[in-house]
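# Coordinate analysis (summary)
Chain residues, written in single-letter form:
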Amino acid sequence: RRLYEELRDHYRQSLLGSVKEQGLGKTRMHVLEALLRLRQAACHPGLLDDDRKEEASAKLDVLIPDLKELLEEGHKALVFSQFTSMLSIVRKRLDEEGLSYEYLDGKTRDRKAHVDRFQEDPDCGIFLISLKAGGLGLNLTAADYVFLLDPWWNPAVETQAIDRAHRVGQTKQVFAYRLICSDTVEEKIAELQMQKKELADAILEADNQSVMKDLSMDDLELLFS
C-alpha cells in the first residue's frame, strides 16, 4: 500500500497538471504508462523492481493459502495473469511451498505435454497461465477453480479464460475468483467499466488507444484518486 500510494501521488502531481495544460492527446502515452505502473503495483512490488520480488503482497497472501487448501481437498486450479513477471513470482512461492504445478506462457513449447500432465497427473493441481497464451484452445476440465490475479475487465477475454475449465467433458461445478485490490486503480477501473466499458478496455489494452479520447478530466481524477 505504501508503494502504491507513493506512485499514485507522484502521478497525480506530475500528470494531471500536464493533461490540463497540454490536453490528453499529447499526454496519452504517459497516462497509459502511469496506469500500467499502478496496476503492476497493485499486484506485487516485484513487478516494478526486481529487487523486491521477495516481498509480500496482498494477492499472494490470499492466493497461496487458498491454493494449498484446495489441493488438500483434491481440487485443481487455473491461475491466470496478464503479467508473466507476476506468474514468475507465484512460481517461486509454489516452489518454496513444495507444490507441484504446470506453467504456460507465450514462449512455452509443446503446450499439449503441459496440458496433458495437468489433466492426468493427480499430484499436479495448479496450472499457471498467461492471459495471451491461455485464452483460447486449451481444454482444462480437470480444474474446478479459476483465479484471475489481475482482472482485465474485457468480459469476452475473461470468459474465454474461465471457459478453459468449462469445456466438453467437465463434470464438476467451476468457481472463478477475481482478485481486486481495494483502494487501487483496479477498483477504480471497475467503477469506470460500469459507466464506460470501452474506456476501461482501452486503459487495459494499451494498443487500443482510439477510445482514450473519451477520457475526461473527471475520469482521470477518479483513476488517480
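What this report covers is the structure whose coordinates are included nearby. Owing to the predicted nature of the structure, the values given are computational and were not obtained by experimental measurement. (Residues numbered from 1 in each chain as written. Predicted model: local features only at pLDDT ≥ 70, side-chain atom pairs only at ≥ 80, totals over all residues. Heavy atoms only, no water.)

### Let's talk about the environment of Ala 113
- Considering the arrangement of structural elements, one finds Ala 113 in helix α5 (residues 111-120).
- For Ala 113, a relative accessible area of 37% translates into the label partly exposed.
- Sequence separation between Ala 113 and Glu 102 is 11 residues; the distance between their C-alpha atoms is 9.9 Å. (Helix = DSSP H or I, 4+ residues; strand = E, 2+ residues; numbered from the N terminus. Buried < 20%, exposed > 50% of the residue type's maximum accessible area, 1.4 Å probe, protein only.)

### Examining unusual backbone geometry
- For Asp 110, which is not glycine, the phi torsion reads 50° and is therefore positive.
- Its place among the elements puts Asp 110 in the loop between β2 (101-104) and α5.
- Residue Asp 110 is classed as exposed on the basis of its relative accessible area of 52%.
- Phi is positive for Asp 183, which is not a glycine, with a value near 60°.
- Examined against the element boundaries, Asp 183 turns out to sit in the loop between β5 (175-178) and α8 (185-195).
- The class of Asp 183 is partly exposed, set by a relative accessible area of 41%.

### Section: the sheet that holds β2
- On the basis of which strands lie adjacent, the open sheet formed by five strands has the order β2-β3-β1-β4-β5 and parallel pairing. Looking at strand neighbours, the two that pair on one side only are β2 and β5, the edges of this open sheet. Each strand of the sheet is rotated relative to its neighbour by a mean of 15°, with strand direction disregarded.
- Two elements, strand β1 (residues 77-81) and strand β4 (residues 145-148), share four bridges in a ladder whose sense is parallel. In the strand pairing of β4, Phe 80 is matched with Leu 148.
- Lying on the sheet, helix α3 (residues 58-72) is in contact with β1, β3 (126-130) and β4; it crosses β4 at an angle near 170°. (Pairing = 2+ DSSP bridges. Axes fitted to C-alpha atoms, helices over the stretch in contact; angles between N-to-C directions. Contact = heavy atoms within 4.5 Å.)

### Topic: the packing of α3 against helix α4 (residues 84-97)
- Contact geometry for α3 and α4: axes closest at 11 Å, N-to-C directions at 45°. The angle between α3 and α4 falls in the class oblique. Taken as a pair, α3 and α4 cross one another with a handedness that is right-handed. Within the contact between the two elements, α3 uses Lys 59, Leu 60, Leu 63, Ile 64, Leu 67 and Lys 68 and α4 uses Met 86, Ile 89, Val 90, Arg 93, Leu 94 and Glu 97.
- Of the residues assigned to the contact of α3 with α4, the class counts are eight nonpolar, no polar and four charged. (Parallel < 35°, antiparallel > 145°, perpendicular 65-115°, else oblique. Left-handed = near helix turned anticlockwise from the far one by under 90°. Nonpolar A, V, L, I, M, F, W, Y, C, P; charged D, E, K, R; others polar.)

### Section: the pattern of salt bridges
- Taken as a whole and judged by the stated rule, the model has 13 salt bridges.
- Here Arg 8 ties to Asp 9 by a salt bridge, and the two come within 3.1 Å at their closest N and O atoms.
- Judged by relative accessible area, Asp 9 falls into the partly exposed class, the value being 34%. (Salt bridge = Lys/Arg side-chain N within 4 Å of Asp/Glu carboxyl O.)

### A few points about the pairing of β1
- β1 sits mainly inside the fold: five of its five residues count as buried.
- By the alternation rule, side chains of β1 split into Ala 77, Val 79 and Ser 81 and Leu 78 and Phe 80, which are all buried.

### Digging into the environment of Arg 52
- Note on placement: Arg 52 falls in the loop between α2 (24-43) and α3.
- With residues near it in sequence (within four places) discarded, Arg 52 still touches Leu 3, His 44, Pro 45 and Gly 46.

### A word on the packing of α2 against α8
- The N-to-C vectors of α2 and α8 enclose an angle of 120°; their axes lie 9 Å apart at closest approach. By the criterion of interaxial angle, the relationship of α2 to α8 is oblique. For the pair α2 and α8, the contacting residues are Leu 35, Leu 38, Arg 39, Ala 42 and Cys 43 in the first and Val 185, Glu 186 and Ile 189 in the second.

Geometric values such as these leave the question of function open.
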